[in-house]
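Coordinates in review
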Amino acid sequence: MNSIYQNIITSTLKIEKLLAVLIDPDKMKLEAVSSFISKVNQSIATHIFVGGSEVDEGVTETLIVEIKKHTELPIVLFPGDVIQITNKADGILFLSLISGRNPEYLIGKHVEAVSKLKGTNLEIIPTGYLLIENGKETSVERVSQTKPIKRSQIQTILNTAKAGELLGMKLIYIEAGSGASHSIEPEIISKVKEELNIPLIVGGGIRSKVELESAYKAGADLVVIGTAFEKDVSFFDNLRK
Ligand code: 1GP
């Protein structure tokens, strides 16, 4: 069976761009899942990511069970906390917030997660996660109590992403933050991509097809979009297969 990661690698080599729809369990109502996922299925989306900054225990699992009734797309946890881990998903981005210096998000939460992960069949994908400043405080910043890297500090961004790769992380995710007022600049995306030999995920503040295509053109292998779909499901109509 092909793994989620292997499929990402294969797509990256073939320069087939990937799109993850991010669903925040705190914001998605169970009764809305069926129609939302039918839009996802008709779109170019290749993955569903599930996670949020603040989600109550059990909510993520119930939501994923519902999503699975309606799609064959891989469901990957993008957890804001250990309590969001559930065996009902297919995989998990095992995130290290390497832009920050809070030990809890570099190793603490990971140690806490091990006993939960041991009982699951989740595909665990070690991911270096970099928060880049976008002009306003994001929930990742508030919850993790870390500062993002400034957009102007390009060398620090590049060195941090490369350090993640050298530490053995399998993906690098550069994040402007959910609902960011502006997405990561194409110049940053292209420089990070040049630096890396592993796939690059880009997310935060992407609200139009033009921005999506610009992120792909700059070198994003997989783009994550949440808020634009949450606010207006008709956005999917621009992204039909
Ligand atoms: C957030 O990168 C994701 O973690 C998606 O951001 O909600 O702004 O699309 P948006």
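This report concerns the structure included in the present document. Everything quoted here is computed from the prediction, not taken from an experiment.

1. Focus on the overall build of the protein
Per the secondary structure count, the protein includes 9 helices and 8 strands. For 241 residues, the compact-globule estimate of 2.2 N^0.38 gives 18 Å, and the protein sits close to it at 16 Å. With the principal axes as the frame, the protein shows a C-alpha extent of 45 × 40 × 40 Å. The buried share of the protein, taken over its 241 residues, is 54%. When the accessible area of the protein is evaluated, it comes to approximately 11200 Å², of which 52% is carbon and sulfur surface. One way to put it: in the protein the 27 positive side-chain charges average out to a point 2 Å from where the 30 negative ones average out.

2. Describing the pattern of salt bridges
Scanning all chains against the criterion turns up 14 salt bridges. As a salt-bridge pair, Asp-237 and Lys-39 come within 3.3 Å of each other at their nearest N and O atoms. Linking Asp-237 in the segment after helix H9 (227-231) with Lys-39 in helix H2 (residues 33-42), this pair joins segments that are 198 residues apart in sequence. In this structure Asp-237 comes out as partly exposed when scored by relative accessible area, which is 36%. A salt bridge links Asp-237 to Arg-240, with the nearest nitrogen and oxygen atoms 3.7 Å apart.

3. Comments concerning the site of the ligand
If you check the shell around the ligand, you find 14 residues, and the closest are Glu-175, Ser-178, Gly-179, Gly-205 and Thr-227. Contact between the ligand and Gly-179: an oxygen atom at 2.7 Å from a main-chain N or O atom of the residue. The backbone of Gly-226 places a nitrogen or oxygen atom 2.8 Å from an oxygen atom of the ligand. Look at the ligand: alone it shows 310 Å² of surface, and the protein chains cover 97% of it. For the shell around the ligand, the secondary structure elements donating two or more residues are strand E6 (171-175) and strand E8 (222-225).

4. Notes on the packing of aromatic side chains
Throughout the structure, instances matching the rule amount to 7 aromatic pairs. Taking 5.4 Å as the distance between ring centres and 80° as the angle between the ring planes, the aromatic pair formed by Phe-36 and Phe-236 counts as edge-to-face. Within this pair, whereas Phe-36 is found in helix H2, its partner Phe-236 is found in the segment after H9, the two being separated by 200 residues in sequence. Of the residues examined, Phe-36 reaches a relative accessible area of 7% and is grouped as buried. Look at Phe-236 and you get buried, because its relative accessible area is 2%. Both rings, one in Phe-229 and one in Phe-236, keep their centres 4.0 Å apart while their planes meet at 10°; by these two values the pair is stacked. The pair Phe-229 / Phe-236 is uniform in exposure class, with both members buried. Among the aromatic residues, those joined into a cluster by ring pairs are Phe-36, Phe-229, Phe-235 and Phe-236. Cation over ring: Lys-170 sits above Tyr-5, and NZ or CZ is 5.3 Å from the ring centre.

5. Section: the nonpolar core
Ranked by size, the top nonpolar core spans 80 residues in total, and within it Leu-93 and Ile-174 carry the most contacts. With near-sequence residues (within four places) excluded, Leu-93 lies in contact with Phe-49, Val-76, Leu-77, Phe-78, Pro-79, Ile-125, Thr-127, Leu-171, Tyr-173 and Ile-201.

6. Side note on the pairing of strand E1 (residues 18-23)
Burial of E1 is extensive: 6 of the 6 residues sit out of reach of the surface. Because side chains alternate across E1, one face comprises the buried residues Leu-18, Ala-20 and Leu-22, and the other comprises Leu-19, Val-21 and Ile-23, equally buried. With 4 bridges connecting them, E1 and E8 associate as parallel partners. Pairing of Leu-19 across the sheet is with Val-223, part of E8. For the crossover that starts at E1, traverses H2 and ends in the parallel strand E2 (residues 47-50), the hand is right-handed.

Cut-off values and rules
- Residues numbered from 1 in each chain as written.
- Predicted model: local features only at pLDDT ≥ 70, side-chain atom pairs only at ≥ 80, totals over all residues.
- Heavy atoms only, no water.
- Helix = DSSP H or I, 4+ residues; strand = E, 2+ residues; numbered from the N terminus.
- Rg over C-alpha atoms; globule rule 2.2 N^0.38 Å.
- Buried < 20%, exposed > 50% of the residue type's maximum accessible area, 1.4 Å probe, protein only.
- Areas by Shrake-Rupley, 256 points an atom, 1.4 Å probe, with all protein chains shown as cover.
- Lys, Arg positive; Asp, Glu negative; His and termini not counted.
- Charge placed at Lys NZ, Arg CZ, Asp CG, Glu CD.
- Salt bridge = Lys/Arg side-chain N within 4 Å of Asp/Glu carboxyl O.
- Near = heavy atom within 4 Å.
- Polar contact = N/O pair within 3.5 Å; in protein donor to acceptor, adjacent residues only side chain to side chain.
- Phe/Tyr/Trp six-rings, centres within 6.5 Å; stacked < 30°, edge-to-face > 60°.
- Lys NZ or Arg CZ within 6 Å of the ring centre and 35° of its normal.
- Core = buried A, V, L, I, M, F, W, Y, C linked by side-chain atoms within 4.5 Å.
- Contact = heavy atoms within 4.5 Å.
- Pairing = 2+ DSSP bridges.
- Right-handed = clockwise from strand over helix to strand, strands pointing away.

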